[in-house]
Amino acid sequence: MSRVSLRPAVLEAVGQLQVAGVHSPHTDAEFLAAHVLGVERSRLALAPMLTAEQLAEFRKLVDRRAERVPLQHLTGVAAMGEIDLAVGPGVFVPRPETELLFAWALAHLEAAGHEHPPIVVDLCTGSGALALAIAHARPDAEVYAVEIDPAAREWARRNADRQAAEGDTPIHLHAGDVTDPNVLAPLNNRVDVLVANPPYIPEDATLDPEVADHDPHRALFGGPDGLSVITPMIGTITRLLRTDGVAAVEHDDTHGPQVAGLFAATGRFTAIVEHPDLAGKPRFVAARRTAD
Ligand SMILES: C[S@@+](CC[C@H](N)C(=O)[O-])C[C@H]1O[C@@H](n2cnc3c(N)ncnc32)[C@H](O)[C@@H]1O
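Conventions used here
- Residues numbered from 1 in each chain as written.
- Predicted model: local features only at pLDDT ≥ 70, side-chain atom pairs only at ≥ 80, totals over all residues.
- Heavy atoms only, no water.
- Pairing = 2+ DSSP bridges.
- Helix = DSSP H or I, 4+ residues; strand = E, 2+ residues; numbered from the N terminus.
- Axes fitted to C-alpha atoms, helices over the stretch in contact; angles between N-to-C directions.
- Contact = heavy atoms within 4.5 Å.
- Phe/Tyr/Trp six-rings, centres within 6.5 Å; stacked < 30°, edge-to-face > 60°.
- Lys NZ or Arg CZ within 6 Å of the ring centre and 35° of its normal.
- Salt bridge = Lys/Arg side-chain N within 4 Å of Asp/Glu carboxyl O.

Caption draft 1: Examining the sheet that holds strand 11 (residues 282-289) more closely. One open sheet accounts for 7 strands, arranged 7-6-5-8-9-11-10; its pairing is mixed. The sheet is open, and its two edges are formed by strand 7 (172-175) and strand 10 (269-276), each paired on a single side. The sheet shows a mean angle of 15° between the axes of neighbouring strands, taken without regard to direction. As judged from the 4 bridges shared by strand 5 (residues 119-123) and strand 8 (residues 191-196), these two strands associate in the parallel manner. When the sheet's bridge partners are listed, L123 is paired in strand 8 with A196. Against the sheet, helix 6 (residues 129-137) makes contact with strand 5, strand 6 (142-147) and strand 8, and its axis sits at roughly 170° relative to strand 6, the strand it touches most. Of the strands in this sheet, strand 9 (241-250), strand 10 and strand 11 touch helix 11 (residues 256-266), which is tilted by about 170° from strand 10.

Caption draft 2: Seen up close, the packing of aromatic side chains. Taken as a whole and assessed by the stated rule, the structure comprises 1 aromatic pair. The ring of F31 has R41 lying over it, and the distance from NZ or CZ to the ring centre is 5.1 Å.

Caption draft 3: Molecular detail of the pattern of salt bridges. A complete count under the given rule lists 17 salt bridges for this structure. Here R218 and D149 are joined by a salt bridge, their closest N and O atoms 3.0 Å apart. Pair noted here: R218 is in helix 9 (residues 217-220) and D149 is in the loop between strand 6 and helix 7 (150-165), with a separation of 69 residues, a long-range link. When the shortest N-O distance is used, the salt bridge between D277 and R283 registers 3.1 Å.

Below is the structure:
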């Protein structure tokens, strides 16, 4: 079987992706090559040749990436913590900045110790990313996830089933609206750690084609000011957390003070802290529930 060298094919792809305006052409070309070869990206150097079929497949994927189809829709996976999630049309692709929320949750679960199974809630779970990554890292946790969108829930169900089949503690996946005053009512005043990455982009924002054309509208936009889900969701968070339970809410980089203000306005939170992301932009607010 004739084989061609991978390196020139990758360099050609980088050029094509650059011209198409893809933000990380080199990384994406390598991820697509690794996907076609069935190896980790870090091990591409050990697989320096492509068959003619693999080259054709690689070029097809690069063409689609150049049309600004998200990389994760082409490879079919996105990472969170130590797990891979199946993603594609109909569900939000988990972002690297949300890893901060995952790390924050793990740190709080660690600080809480291992004596009692902690109760964890992930509001607006999408693919199940945060809920499943937490369940994987903390098998003792009882993890609940809420998602309103049936298509997103199907992806979450598929991911949850696979993680459970691989031995993780199954999560409880709920169809529900996080702004509903009764959502997860049996957990009122019982939740130890709550995370939420809700839709938070203001409606008039200009977005890259990968986002605007491929992430579901309902996953992105939070009304004219971006706060239409977060504002009522703070009531849900207040209701669910036990005394000294903690919550973290991801937000648009323009909303740090507003989200902190929404927690403060309830009069039920202390230790309200604005956290930046890796680029130094305001990214999530964390807070601790006080006694009623
Ligand atoms: C930004 S995505 C985050 C998904 C996931 N948590 C992650 O980080 O990858 C927001 C998710 O919230 C869901 N959503 C939007 N409004 C909701 C609501 N009122 N109640 C429950 N889920 C909602 C969307 O369908 C979408 O899956």
